[in-house]
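The chain contents come next:
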Amino acid sequence: MSITTLYYLHLKRENAHEDSIWCCGWSKIEHEKPKEAEKNGEHIENSQDSNHTQPSSEDFLITGGLDDLIKIWRLENGKLEEKFQLEGHSLGVISVAVSPDGKILASSSQDSSLILWDLTNGEKLKTMETGPTDVWTLDFSPDGKHVISGSNAGKILIFSVESGKQEQTLDTRGKFTLSVAYSPDGKYIASGALDGIISIFDVAQGKLVHTLEGHAMPIRSLCFSPDSQLLLTASDDGHMKLYDVAHANLAGTLSGHASWVLSVAFSPDGKRFASGSADRTVRVWDLDSMQCQHVFKEHSDQVWGVKFNSESNKIMSVSEDKSMNIYDCPL
């Protein structure tokens, strides 16, 4: 049996928003839950048992759209239900990012705002003081203390989650910064620009260490591998590129999409990555072979966002067609 036969569409939600869906996220929130007997008020004689709790978790999917809304969906037992609808942006929701603990959501809009939300109750935590600048794609630092964003001035803005204030600015010395990513080991920040230039910064030094002329067209999305060794970039030129981060060497070029590549995401186990394109497809790629394992063709318009769940066995995608899809993939 071919491995590609193990991939399939798990769930499709048509008209998840009233307009195009531009971004998505996936969060697993871990809870400490009392044992059933304790929850029911029963006394447990064994003191060792009484000190233990049973962990539980919830899967939340996040979508942001041109309708100015962020929706939080709960996935349980193969069913998807809308849990929260977050209002606060205008001019469309461009980007969302989930904190490492899964409990805080950051969102940005073409209205130049950056908002932090509590994913456990849907409440707004704070609106960041961004000033008169476009706030583009977002990412959290691995310790959850900072949120980074690209700007139309070719800058990377670093905000404190605690204070909501901008603490640092990194200058790419280039054009509009469309995409940003923080390496999981916390050492690097990478950005992709409108002119196809990739910038890699050393976080500790706050210094630009590599400038790569990787693509001939805008870089809509980029991400680090879970071990922080590789950087994956996606461009309007229809290609994706993999770079060795430490030496900024090109490790491979991947082609297969028939149009702009709008979104890329690594699986948390580091075995594969997914890509979404203006050609309306979602592709899944094997990292070792750098070959496409499967192509999903369920969307009827360009695919703006792709994301894996924490177990690496499901992928979500969102599209201009207003739908969100969830796919199953083999481990």
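The shown structure was predicted, so the numbers you read here are calculated from the model rather than taken from an experiment. (Residues numbered from 1 in each chain as written. Predicted model: local features only at pLDDT ≥ 70, side-chain atom pairs only at ≥ 80, totals over all residues. Heavy atoms only, no water.)

1. Section: the overall build of the protein chain
We count it as follows: In DSSP terms, a helix is any run of H or I states spanning at least four residues, a strand is any run of E spanning at least two, and both are numbered starting from the N terminus. Between the two quantities, the radius of gyration covers C-alpha atoms and the globule rule is 2.2 Å times the number of residues to the power 0.38. Categorising residues by exposure relies on relative accessible area from a 1.4 Å probe, with only protein chains included: less than 20% of the type maximum marks a residue as buried, more than 50% marks it as exposed, and the intermediate range marks it as partly exposed. By definition, residues are in contact when any of their heavy atoms lie within 4.5 Å. Throughout, the Shrake-Rupley method with a 1.4 Å probe supplies accessible areas, and for residues the shown protein chains are the sole cover considered. For this count, His and the chain ends are skipped, Lys and Arg are scored as positive, and Asp and Glu as negative. Charge positions come from single atoms, namely NZ of Lys, CZ of Arg, CG of Asp or CD of Glu.
A tally of helices and strands in the protein chain yields two helices and 28 strands. Taking 331 residues into account, the globule formula puts the C-alpha radius of gyration at 20 Å, and the protein chain, at 20 Å, falls close to it. Over its C-alpha atoms, taken along the principal directions, the protein chain stretches across nearly 65 × 55 × 40 Å. Out of the 331 residues belonging to the protein chain, those deemed buried represent 54%. Long-range pairs, those at least 24 residues apart, make up 47% of the contacts in the protein chain with a sequence separation of at least 6. Split by element, the accessible area of the protein chain, about 14,300 Å² in all, is 45% carbon and sulfur. The averaged location of the 47 negative side-chain charges in the protein chain is 2 Å from the averaged location of its 30 positive side-chain charges.

2. Comments concerning the sheet that holds strand E26 (residues 303–308)
Threshold: Any two strands with at least two DSSP-identified bridges between them are counted as paired. Simply put, an axis is a line fit to the C-alpha atoms, just over the touching stretch for a helix, and the angle between two N-to-C directions goes from 0 to 180 degrees.
An order of E1-E28-E27-E26 is seen for the four strands of this open sheet, with the pairing classed as antiparallel. Since the sheet does not close on itself, it has two edges, and those belong to strand E1 (8–13) and E26, each with one partner. Across the sheet, the mean angle separating the axes of adjacent strands is 20° when strand polarity is ignored. Here five bridges tie E26 to strand E27 (residues 314–319), and the two strands are oriented antiparallel to one another. Paired with Lys307 across the two strands is Met316, which belongs to E27.

3. Some details on the sheet that holds strand E8 (residues 114–118)
The four strands are arranged E6-E7-E8-E9 in an open sheet whose pairing can be described as antiparallel. Single-partner strands in this sheet number two, and they are strand E6 (93–98) and strand E9 (124–127). Each strand of the sheet is rotated relative to its neighbour by a mean of 20°, with strand direction disregarded.

4. Overview of the UniProt feature "repeat: WD" (unreviewed entry) in the protein chain
The test is simple: UniProt positions are given in the numbering used here, feature names are shortened, and annotations may be inferred rather than shown by experiment.
UniProt feature "repeat: WD" (unreviewed entry): in the numbering of this structure it lies at residues 60–83, 86–127, 170–211, 212–253, 254–295 and 296–331. This span, residues 60–83, is 0% helix and 79% strand, and a straight line between its end C-alpha atoms measures 9 Å. In this annotation, residues 170–211 is assigned 0% helix and 57% strand; the end-to-end C-alpha distance for the span is 13 Å.

5. Looking at the environment of His17
Positionally, His17 belongs in the loop between E1 and strand E2 (21–34). Judged by relative accessible area, His17 falls into the buried class, the value being 1%. C-alpha separation for the pair His17 and Leu66, spaced 49 residues apart in sequence, amounts to 8.4 Å. Among all residues touching His17, those that are not within four sequence positions of it are Thr63, Gly64, Gly65, Asp67, Leu69, Lys71 and Lys322.

6. Some remarks on the packing of aromatic side chains
Operational definition: Each aromatic pair joins two rings of Phe, Tyr and Trp (for Trp, the six-membered one) with centres within 6.5 Å, and gets the label stacked for planes under 30 degrees apart, edge-to-face for over 60, and tilted for any other angle.
Evaluated as defined, the whole model comprises five aromatic pairs. Between Phe273 and Trp285, the ring centres sit 6.2 Å apart and the planes meet at 15°, which makes this aromatic pair stacked. Here the residue Phe273 occupies a position in strand E23 (residues 272–277), and Trp285 occupies one in strand E24 (residues 282–286), the gap between them amounting to twelve residues. Across the pair, Trp285 and Phe273 agree in class, each one buried. Among the aromatic residues, those joined into a ring-pair cluster are Tyr7, Phe296 and Tyr327.

7. Section: the confidence of the model for the protein chain
For the record, the criterion: Per residue, pLDDT captures the predictor's confidence, and it can take any value from 0 to 100.
With 91% of its residues at a pLDDT of at least 70, the protein chain reaches an overall mean of 91. Confidence drops under pLDDT 50 across residues 35–39; counting only partners more than four residues distant or on other chains, this segment forms eleven contacts. Scored below 50 in pLDDT, residues 42–52 shows ten contacts in the model against residues more than four places distant or in partner chains.

8. Digging into the pairing of strand E7 (residues 104–109)
E7 sits mainly inside the fold: five of its six residues count as buried. As paired strands, E6 and E7 are joined by five bridges and run antiparallel to one another. Note that in E7 the partner of Ala97 across the bridge is Ala106. Between E6 and E7, which pair antiparallel in sequence order, lie five residues; one of them, Gly102, sits at a positive phi of approximately 80°. With five bridges joining them, E7 and E8 adopt antiparallel strand pairing. The partner of Ile104 across the bridge, within E8, is Asp118. Joining the antiparallel neighbours E7 and E8 is a turn of four residues, in which Ser112 adopts a positive phi near 70°.

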